[in-house]
Amino acid sequence: MDCQHSSLRPTPEQDASFAAEALFAGDLPHAAYHVGCALSTDVTRPEWLDLLRRIKQDAGPDPLRIVPLQGRVSFATVAVRAWMIHEQGQPAQALELLSQVVHAKRDTDFVRWGLPWLEAEGVAEQAPIEPTLSLLSVILTRLAPSEPGLPPRVLQVLERLSIRHRTHSAVAWLRGTLLHRLGRLDEALAVATEAHATIPNWLTAMLLANVHRARGSVPQALEAYQAALRHDATQNATRLDIADMLREQERFDEALNWYQSALSHEPGSAWAQASVAALQFRESKERATLERLLSVADTTSGPSRESQLAASVTREFVPWVDYLPQRVDAGIHALRQMSLQPPAASGNTPPKVKFTTQWLEAPSVQLAWELHREWRGFPCVVDVVVQQVQRPDPRQPIEPVELTLWSYTDTRPTRAVPPPPEEVGTALAELASAPFQLEDWWREAARTSRALSAHELESIARAMVHPPPPRGNHSTWAWLQRVQLAAAFVIATREEGWLDSRRRTLLLALAKGPMDWTVEAALVALAHVARTTPEARAEVRALFQSLDQHTQDYASYEYALVCAWLQLPELPDTERTALEQRREHIERNAGP
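Residues numbered from 1 in each chain as written. Predicted model: local features only at pLDDT ≥ 70, side-chain atom pairs only at ≥ 80, totals over all residues. Heavy atoms only, no water.

Participant: Would you mind going over the pairing of strand β3 (residues 406-409) in detail, with residue names and values included?
Facilitator: By the alternation rule, side chains of β3 split into W406 and Y408, which are all buried, and S407 and T409, of which none is buried. Relative to strand β4 (residues 412-415), β3 runs antiparallel, the two sharing 4 bridges. If you follow Y408 over to β4, its bridge partner there is P413. (Buried < 20%, exposed > 50% of the residue type's maximum accessible area, 1.4 Å probe, protein only. Helix = DSSP H or I, 4+ residues; strand = E, 2+ residues; numbered from the N terminus. Pairing = 2+ DSSP bridges.)

Below, the structure written as structure tokens:
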């Protein structure tokens with residue numbers, strides 16, 4: 001409903017206050033709406049439930065008139081209507097309406113009404129089965145993880161439903177799955193076996209397969225999975241489950257065949273792509289297959305199983321040496337997630353995303369958003385709101401330097417240098433598209449540097465913020481990172497000397513410049529310079545110690561700094577141990 005308070009974004013307590021005011025004024029629809037908004041956060045608050053009862057009482061013999069379903073209707077109003085219908089002794093209708101609310105607004109607390117309503121005598125048997133199952137599924141998903149006593153109660157309801165709906169496969173599925181979840185595998189097997197014999201279809205075959213798999217009966221599980229495919233060959237999840245099970249059994253060749261079969265039916269399956277790459281890398285150790293796995297993980301949102309698989313494969317490798325770690329900037333997490341489901345443009349105006357950060361992030365984060373629009377047709381424009389700026393100010397170099405790539409207007413970054421010549425970008429793209437391994441890239445960077453000898457090193461640095469278009473399957477943000485690292489390597493390999501070299505001037509300028517991914521690239525390059533150029537070691541280590549003073553709040557380069565620092569030769573054991581512990585802490589806590 002339209003409400004004068006909606007623009008205020010009231011707290012639940014304010015909603016309850018508005019409801020009380022509306023009740024006093026006799027505006028019962030308004031009161032019902034606001035008490036519903038309050039209860040959506042906690043349906044157990046006694047004073048709010050009492051307020052709801054008073055509203056119903058004042059509504060007279062026909063309380064449903066104050067919670068109509070016509071016109072623009074809020075989920076809060078619909079939930080209150082469901083409660084009133086339940087209070088009038090029509091639980092089946094109430095449950096059907098509540099299921100609609102819960103399905104549409106899974107984050108509300110209204111889901112807590114569902115199970116007590118269903119547990120009442122005779123209600124589960126009378127309620128429409130599809131909304132009931134939908135409601136029970138949400139109850140298990142939302143509430144069971146924090147309420148261990150709840151699944152057995154849901155199971156009791158399902159036992160009653162199974163008597164009334166003996167040939168309903170979804171009832172059998174949910175009942176058998178819940179028994180499996182509770183560890184009651186013998187009972188789960190009995191339910192699954194009877195269900196597939198009585199209702200032979202894909203769902204009951206999958207239930208039987210999953211229970212056999214949980215019991216460690218691999219041949220029987222494989223037979224049931226194959227039966228599921230005979231029931232419905234379009235369900236690619238079956239192929240993936242077979243592949244996963246075979247991989248768990250270390251039957252890697254068979255697992256690979258099933259993952260490839262899944263890919264042939266669904267080429268866009270991220271899990272199949274990641275798993276194929278992981279298994280092929282296990283066999284071949286080719287960097288290209290590892291990068292395929294990392295690329296898939298990089299374009300999945302949140303703590304996905306693809307990213308967990310990538311982490312398990314790279315666990316024994318050294319970041320920034322054997323592979324390039326995934327970007328974990330908050331702004332990149334948002335871009336990664338929105339890239340999967342971008343909002344639709346409205347007319348000629350691109351949708352604007354307002355993104356709030358606690359600290360000022362690297363300007364390359366905003367550049368990645370811009371490049372994603374340019375290269376991938378991403379429709380959104382980002383409006384970044386920075387809550388506070390770190391100290392020391394990350395927008396400024398830590399000391400005067402010859403070259404800075406970024407300038408700022410307040411907290412909005414702007415590229416401070418013009419684009420490089422086209423041939424510079426082309427050469428860097430060639431290096432950036434090769435599978436990453438530090439020593440391999442370093443050798444290729446030396447060749448690239450010689451090929452670009454006619455160009456000043458400053459032009460190569462400018463490509464770090466004016467990258468060439470991407471090659472391969474890398475995400476926009478990963479490609480930007482790769483180009484920046486390639487440019488730093490090319491700069492670092494131009495000369496062999498150090499103290500009077502141009503590479504020293506530029507690498508130090510990049511490392512001491514405004515906080516950015518370009519600082520990371522310079523740090524990784526400097527660490528390798530220190531390993532191969534003894535006269536650079538003391539200066540590079542002193543630089544790392546100085547930059548470390550800027551990581552007390554937030555510095556986008558902290559992880560790269562720690563990893564690069566660990567590559568320095570002749571580190572004291574105590575310093576190395578402290579750095580390794582710090583790296584492990586950063587990796588454990590990496591996230592949006």
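Participant: Could you give me a rundown of helix α6 (residues 111-119), with the residues and numbers involved?
Facilitator: Along an α-helix, residues three or four apart share an orientation, since each turn contains 3.6 residues. Residues of α6 that are buried: V111, W113, G114, L115, W117 and L118. Structurally, α6 contributes buried residues whose contacts are with α4 (75-87), α5 (91-104), α7 (123-126), α8 (129-142) and α9 (150-164). (Contact = heavy atoms within 4.5 Å.)

Participant: Could you give an account of the layout of surface pockets, with specific residues and numbers?
Facilitator: In this approach the atoms are scanned with a rolling probe the size of a water molecule, which exposes any empty space left behind. In this structure, the second largest pocket spans a volume of roughly 300 Å³. The wall of the second largest pocket is formed by 14 residues, among which E291, R292, S295, V296 and N473 lie closest to the centre. Contributing elements (two or more residues each) for the lining of the second largest pocket: α16 (270-284) and α17 (287-298). For the lining of the second largest pocket, the leading source of residues is α17, giving 5 residues. Its residues assigned to classes, the lining of the second largest pocket shows 5 nonpolar, 7 polar and 2 charged. (1 Å grid on protein atoms, 1.4 Å probe; cavity = no way out; pocket = protein on both sides within 12 Å on 5 of 7 lines; lining within 4 Å. Points joined across faces, edges and corners; volume = space filled by probe spheres on them. Nonpolar A, V, L, I, M, F, W, Y, C, P; charged D, E, K, R; others polar.)

Participant: I'd like to hear about the pattern of salt bridges, residue by residue, with values.
Facilitator: Enumeration over the complete set of coordinates arrives at 32 salt bridges. Taking the shortest distance from any N to any O, the salt bridge between E248 and R213 comes out at 2.7 Å. With E248 in helix α14 (residues 236-248) and R213 in helix α12 (residues 202-214), this pair connects stretches of sequence that are 35 residues apart. Accessibility expressed as a relative area gives 49% for E248, which makes it partly exposed. E539 is the partner of R504 in a salt bridge, and the nearest nitrogen-oxygen pair spans 2.6 Å. Taken together, the residues R504 in helix α25 (residues 502-511) and E539 in helix α27 (residues 537-548) connect sequence positions 35 residues apart. A residue is classified by how much of its surface remains accessible, and R504, at 23% relative accessible area, is partly exposed. Among the ionic contacts, a cluster of salt bridges with common partners joins E13, R45 and E47. (Salt bridge = Lys/Arg side-chain N within 4 Å of Asp/Glu carboxyl O.)

Participant: Can you tell me about the packing of aromatic side chains, naming the residues and giving the values?
Facilitator: Under the defined criterion, the tally for this structure stands at 9 aromatic pairs. Their ring planes at 10 degrees and their centres at 5.8 Å tell us that W113 and W117 sit as a pair that is stacked. Here W113 and its partner W117 are both found in helix α6, 4 residues apart, which amounts to about one turn of the helix. W113 gets classed as buried once you look at its relative accessible area, which sits at 8%. Look at W117 and you get buried, because its relative accessible area is 6%. Each ring, one from F281 and one from F317, has its centre 5.9 Å from the other, and the planes form 90 degrees; the classification is edge-to-face. (Phe/Tyr/Trp six-rings, centres within 6.5 Å; stacked < 30°, edge-to-face > 60°.)

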